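This is what each chain is made of:
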Amino acid sequence: MRHSRPLYCYPGSVLDFSSLKCLANRNDALMSPTDLPVLNFDNTFARDLEGFFVPWDAAKSPKPELLMWNDALASELGPVFAALKPNEIVDIFSGNSVPDGAFPLAQAYAGHQFGGFSPQLGDGRALLLGEVVDTAGRRRDIQLKGSGRTPFSRGGDGKAPLGPVLREYLIGEAMHALGVPTTRALAAIATGEPVYREGALPGALLTRVAASHLRVGTFQFFAARQETDKVRQLADYAIARHYPELKERDQPYLAFFEAVLQAQAKLVAQWMQIGFIHGVMNTDNTTISGETIDYGPCAFMNIYVPDTVFSSIDTQGRYAYKNQPLIAQWNLARLAEALIGLVDPEPEKAVQLLTNLIEGFPEVYTEHWLSGMRKKIGLIKDDVGDLELVNDLLSAMEGQNVDYTLAMRRLSSAVRGDDQPLCALFSDRSDIESWLKRWRERLAQEKVMDEERGMAMDAVNPIYIPRNHMVEAALSSAVASEDFAPFKKLLDVLRHPYRERDGLEHYAQADPSDGAHYQTFCGT
Ligand code: AMP
Ligand code: MG
């Protein structure tokens, strides 16, 4: 059964977010139960956080069609999800029917976008359907993206074009396979309706699964309105959901901030290790859980150039590859600001405590990053010279038109005795050759068989990543020619990014055009 809730009024011409519950486009009391299976929803957000969202129903899709369904993820969500029939999947995840137990709602959040604060963003084209406790006991949000206008839509149409939906599906699944915390894609459904951007494009919905959709911006929304009680309520909810062990701590809110900082430091370190550029690291796209969220203009770096920016709208290079750790720290400082009122009754003291943690970010980040980079170059133990050794490898790549992913992967050939595949990537080999000498001296400090070391390196240096030219080819074939075979094949290849397989050489190759001038666009 759906929760019974008070009757809500329809939005008036002026949206007043001081009382979010006054805005709703549905009346539960009048809704009849559907014939759909009862999904194992358990909606704590809707239950515990009244006033943090607007109950809302999705726009109807005129001619929905199932494009993609993630069987493995459906099984994780439970037997009822795994047993859904195609017509039920289409009905539920097109937004056309609300299954019993779901409680669709649009969440309120704010955010700093490219450094400027927007006090009110919110789910303008997404709806949380509900939460599911999966077979491993993890609570997960099920969200529709591209589900139509909500009171948070501002000028937008609330819709999503097929290309960006497939892109988020593919890159999110690739990131998961790479071992990076991320939201996942459960379904992609065509709506059968055009959306209008530069021209008419096929419309679609993505079903996104996340540890939660709590963002730095969710805290900012209530902090900006000086609703400290709500910030506390939200923090209590976030602690219970993501960091329950912190509840009993002397300073739970400070510990909470530190936990988010750790999670973000670890996440961004992983991005940097695989050459991932998020592209739009606004505070509304920074999760409390530490999962990557919102695959809009993201892309993987091709040749190693730390200044790389792919996003067409990032004209200043704010979210360039090399800036990502700094931006994570900046975003965390915005979360800290929102938590000041909770950390200590004396604001100066709260600021001091939080500042200490923020100032420690570079060290925390570097530790996570270096420990991953050590593994990538085949080291097992720590040594004081390792940071310099890793940095010198990256410096050797700079200005050499060297494909980052291939260079890291080919280090394992060098460990097995063949430097040629790696050195062939460099036009001037002098720096890499002298680096290889130093590296071998360092490797000699650890007694490990070459083959064993090579295998350990191959397990952390991907051979297949979503290369931009391959992603574009797969998307254009799906969108322009309705041929999903290249998309499905690429998705399949990316499900095992570390295991080299015969016949897939093509997927491991660098962009023939070097990809330096590749451009991505916001998926709106
Ligand atoms: P994003 O760029 O996807 O992180 O979204 C930033 C903000 O813009 C969020 O509040 C979104 O809900 C909103 N937004 C993005 N695209 C649309 C759209 N097509 N219609 C309405 N709101 C949108
Ligand atoms: Mg976003």
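Residues numbered from 1 in each chain as written. Chains lettered and ligands numbered in written order. Predicted model: local features only at pLDDT ≥ 70, side-chain atom pairs only at ≥ 80, totals over all residues. Heavy atoms only, no water.

1. Some words on the overall build of the chain
- Counting its regular elements, the chain contains 19 helices and 12 strands.
- The C-alpha radius of gyration of the chain comes to 24 Å, within 12% of the 24 Å expected for a compact globule of 524 residues.
- The principal-axis extents of the C-alpha atoms in the chain amount to approximately 75 × 60 × 40 Å.
- A burial count over the chain gives 59% of its 524 residues as buried. (Helix = DSSP H or I, 4+ residues; strand = E, 2+ residues; numbered from the N terminus. Rg over C-alpha atoms; globule rule 2.2 N^0.38 Å. Buried < 20%, exposed > 50% of the residue type's maximum accessible area, 1.4 Å probe, protein only.)

2. Let's talk about the layout of surface pockets
- Space inside the second largest pocket adds up to approximately 490 Å³.
- Forming the boundary of the second largest pocket are 21 residues, of which Gly163, Pro164, Glu198, Phe521 and Cys522 lie nearest the centre.
- Of the residues forming the lining of the second largest pocket, the biggest block, five residues, is contributed by helix 17 (residues 468-481).
- Of the residues assigned to the lining of the second largest pocket, the class counts are 10 nonpolar, seven polar and four charged. (1 Å grid on protein atoms, 1.4 Å probe; cavity = no way out; pocket = protein on both sides within 12 Å on 5 of 7 lines; lining within 4 Å. Points joined across faces, edges and corners; volume = space filled by probe spheres on them. Nonpolar A, V, L, I, M, F, W, Y, C, P; charged D, E, K, R; others polar.)

3. Overview of the domain arrangement of the chain
- According to the domain assignment, the chain consists of domain 1 (6-213) and domain 2 (217-370).
- A separation of 24 Å is found between the C-alpha centroids of domain 1 and domain 2.
- Each side of the interface is counted separately: domain 1 has 41 residues, and domain 2 has 41 residues.
- For the domain 1 face of the interface with domain 2, the top three residues by lost area are Phe52, His112 and Phe114, together amounting to 22%.
- The tally of links from domain 1 across to domain 2 stands at 20 residue pairs in polar contact (both at pLDDT 80 or more).
- Breaking the side of domain 1 that touches domain 2 down by element, the ones donating at least two residues are helix 1 (44-48), strand 4 (111-113), strand 7 (139-145), helix 5 (162-177) and strand 10 (200-210).
- Broken down by element, the residue count for the side of domain 1 that touches domain 2 peaks at five residues, all from helix 5.
- Residues that form the side of domain 1 that touches domain 2 fall into these classes: 18 nonpolar, 14 polar and nine charged. (Domains from an automatic or database assignment. Contact = heavy atoms within 4.5 Å. Buried area = accessible area lost by both parts, 1.4 Å probe. Polar contact = N/O pair within 3.5 Å; in protein donor to acceptor, adjacent residues only side chain to side chain.)

4. Overview of empty space enclosed by the protein
- Summed over all chains, the structure comprises five cavities of 30 Å³ or more.
- Within this model, the largest cavity holds a volume of roughly 70 Å³.
- Lining the largest cavity, in full, are Gln264, Leu267, Trp271, His278, Met281, Asn285, Thr286, Thr287, Glu291, Thr292 and Ile293.

5. Digging into the site of ligand 1
- What surrounds ligand 1 is a group of 18 residues, the closest being Gly122, Gly124, Arg154, Gly158 and Asp294.
- The separation between an oxygen atom of ligand 1 and a polar side-chain atom of Asn285 is 3.2 Å.
- Burial of ligand 1 by the protein chains amounts to 87% of its free accessible area of 480 Å².
- Of the residues in the shell around ligand 1, the class split is two nonpolar, eight polar and eight charged.
- Among the domains, domain 1 (6-213) and domain 2 (217-370) are the pair contributing at least three residues each to the shell around ligand 1. (Near = heavy atom within 4 Å. Areas by Shrake-Rupley, 256 points an atom, 1.4 Å probe, with all protein chains shown as cover.)

6. Some remarks on the packing of aromatic side chains
- This structure, assessed with the given rule, holds 18 aromatic pairs.
- Among the aromatic side chains, those forming a connected cluster through ring pairs are Phe45, Phe53, Phe103 and Tyr237.
- The ring of Phe52 carries the charged tip of Lys230 above its face, separated from the ring centre by 5.7 Å.
- Above the face of the Trp330 ring, Arg334 is positioned so that its terminal group lies 4.3 Å from the ring centre. (Phe/Tyr/Trp six-rings, centres within 6.5 Å; stacked < 30°, edge-to-face > 60°. Lys NZ or Arg CZ within 6 Å of the ring centre and 35° of its normal.)

7. Looking at the environment of Ala82
- Looking at the secondary structure, you find Ala82 in helix 3 (residues 79-82).
- Counting along the chain gives 331 residues from Ala82 to Ser413, while the straight-line C-alpha distance between them is 42 Å.
- For Ala82, the residues in contact, after removing those within four places along its chain, are Ala74 and Ser75.

8. Some thoughts on the confidence of the model for the chain
- Looking at the chain as a whole, the pLDDT averages 94, with 94% of positions reaching at least 70.
- Counting contacts from residues 1-14, a segment whose pLDDT is below 50, to residues more than four positions away or on other chains yields 35 contacts. (pLDDT = per-residue confidence, 0-100.)

9. Concerning helix 18 (residues 485-494)
- For helix 18, the full list of buried residues reads Phe487, Leu490, Leu491, Val493 and Leu494. Down the axis, helix 18 shows its buried residues gathered within 160 degrees of arc, on one side only. (Arc of directions from axis to C-beta.)

10. Quick word on the side chain of Thr218
- Looking at the secondary structure, you find Thr218 in helix 6 (residues 216-224).
- Among the polar contacts made by the side chain of Thr218, one reaches the main-chain amide nitrogen of Arg215 at a distance of 2.8 Å.
- With near-sequence residues (within four places) excluded, Thr218 lies in contact with Ala108, Tyr109, His213 and Leu234.

11. Here we look at the nonpolar core
- Grouped together as the largest cluster of nonpolar side chains are 166 residues, with contacts concentrated most on Phe81, Phe93, Phe219 and Trp439.
- If one sorts the elements of this core by residue count, helix 8 (residues 252-274) sits on top with 16 residues.
- Three or more residues apiece are contributed to this core by two domains, here domain 1 (6-213) and domain 2 (217-370).
- In contact with Trp439, not counting residues within four places along its chain, are Ile377, Leu389, Leu411, Ala414, Val415 and Met457. (Core = buried A, V, L, I, M, F, W, Y, C linked by side-chain atoms within 4.5 Å.)

12. Side note on the pattern of salt bridges
- Tallying each qualifying case throughout the model produces 38 salt bridges.
- The partner of Glu451 in a salt bridge is Arg416, and the shortest N-O contact between them spans 2.9 Å. With Glu451 in helix 16 (residues 450-458) and Arg416 in the loop between helix 13 (404-415) and helix 14 (420-423), this residue pair connects regions lying 35 residues apart in the sequence.
- The class of Arg416 is partly exposed, set by a relative accessible area of 35%.
- Each of Glu76, Asp134, Arg138, Arg140, Glu173, Arg184 and Arg495 takes part in a single network of salt bridges with overlapping partners. (Salt bridge = Lys/Arg side-chain N within 4 Å of Asp/Glu carboxyl O.)

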